[in-house]
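Observations on the three-dimensional arrangement
So the chains spell out like this:
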Amino acid sequence: MSTDQRYSHRKKNLWAGILFGLGFVAFIDETIFHQLLHWHKFYDKSTTSIGLISDGLFHAFSWFATVGGLYLVADLMRRGAFWHKMFWGGKLLGGGGFQLYDGTIQHKLMRIHQIRYDVNILPYDLIWNGTAIIMIIAGLLFVRSARKESMRLNGGAPLVS
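Residues numbered from 1 in each chain as written. Predicted model: local features only at pLDDT ≥ 70, side-chain atom pairs only at ≥ 80, totals over all residues. Heavy atoms only, no water.

1. Remarks on helix 2 (residues 10–36)
- Here helix 2 spans 37 Å end to end across 27 residues, near enough to the 39 Å set by a 1.5 Å rise per residue.
- Following helix 2 by one or two positions, His38 adopts a phi angle in the positive range, close to 55°. (Helix = DSSP H or I, 4+ residues; strand = E, 2+ residues; numbered from the N terminus. Expected span 1.5 Å × (residues − 1).)

2. Quick notes on the pattern of salt bridges
- Taken as a whole and judged by the stated rule, the model has 6 salt bridges.
- Among the salt bridges present, the one from Lys12 reaches Asp75, with a minimum N-O distance of 2.5 Å. Here Lys12 is found in helix 2, whereas its partner Asp75 is found in helix 3 (residues 48–79), with 63 residues between them in sequence.
- Across the pair Asp55 and Lys41 runs a salt bridge, and its minimum N-O distance is 3.8 Å. Of this pair, Asp55 sits in helix 3 while Lys41 sits in the loop between helix 2 and helix 3, and the two are 14 residues apart along the sequence. For the pair formed by Asp55 and Lys41, the shared burial category is buried.
- Each of Lys12, Asp75, Arg78 and Arg79 takes part in a single network of salt bridges with overlapping partners. (Salt bridge = Lys/Arg side-chain N within 4 Å of Asp/Glu carboxyl O. Buried < 20%, exposed > 50% of the residue type's maximum accessible area, 1.4 Å probe, protein only.)

3. Regarding a nonpolar patch on the surface
- Among the surface-exposed residues, Phe24, Ile28, Ile32, Leu36 and Leu37 lie close enough to one another that they form a single nonpolar patch of about 430 Å² accessible area.
- If you trace the backbone, Ile32 turns up in helix 2.
- In this structure Ile32 comes out as partly exposed when scored by relative accessible area, which is 32%. (Patch = residues over 30% accessible without salt bridge, like charges linked within 9 Å, V, L, I, M, F, W, Y side chains within 5 Å. Areas by Shrake-Rupley, 256 points an atom, 1.4 Å probe, with all protein chains shown as cover.)

4. A word on the environment of Met86
- With respect to the element layout, Met86 can be found in helix 4 (residues 84–109).
- Along the backbone, Met86 and Gly103 are 17 residues apart, and their C-alpha atoms lie at a distance of 25 Å.

5. Remarks on unusual backbone geometry
- Its identity as a non-glycine residue notwithstanding, His38 has a phi of 55°, on the positive side.
- Tracing the chain through its elements places His38 in the loop between helix 2 and helix 3.

6. Focus: the packing of helix 2 against helix 4
- For the pair helix 2 and helix 4, interaxial distance at closest approach is 6 Å and the crossing angle is 45°. As summarised for this structure, helix 2 and helix 4 are arranged oblique, according to the angle between their axes. When you trace helix 2 past helix 4, the crossing you get is right-handed. In contact with Arg10, Asn13, Leu14, Ala16, Gly17, Ile18, Phe20, Gly21, Leu22, Val25, Ala26 and Asp29 of helix 2, helix 4 contributes Met86, Phe87, Gly89, Gly90, Lys91, Leu93, Gly94, Gly95, Phe98, Gln99 and Asp102. (Axes fitted to C-alpha atoms, helices over the stretch in contact; angles between N-to-C directions. Parallel < 35°, antiparallel > 145°, perpendicular 65-115°, else oblique. Left-handed = near helix turned anticlockwise from the far one by under 90°. Contact = heavy atoms within 4.5 Å.)

In structure tokens:
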């Protein structure tokens, strides 16, 4: 696999990771916090039946994103252009981005659900959103490292797409 081949597909590698990371973290959230722990539903402002339907739609969304990301990975592998470091950067960006969106927009602004109820929510919010920020920063560092690595392998010259 040439550096030029990987670099010319850098956006597809990044988006494959973003979709996969978003879908994976959404799946983990739905499985652990919604199904196993029963802490909340995707939409808690209605009946249990509506909450279950909203969880089903959320679950379908997470799998569509995951499968979409894997479809892009398969295409990149077929082309010999899969870039592990760029993909991992995208996975962390997608997962962290979803988690930060969930923790700020859905939990605080829209108030469609909280992580937990009838407890001091502050520690949960700090851990949830702090982990998201760490994932986003790590993802950005992976993407930056991948770009620098590709330039170094190209003799320091910027690659063009």
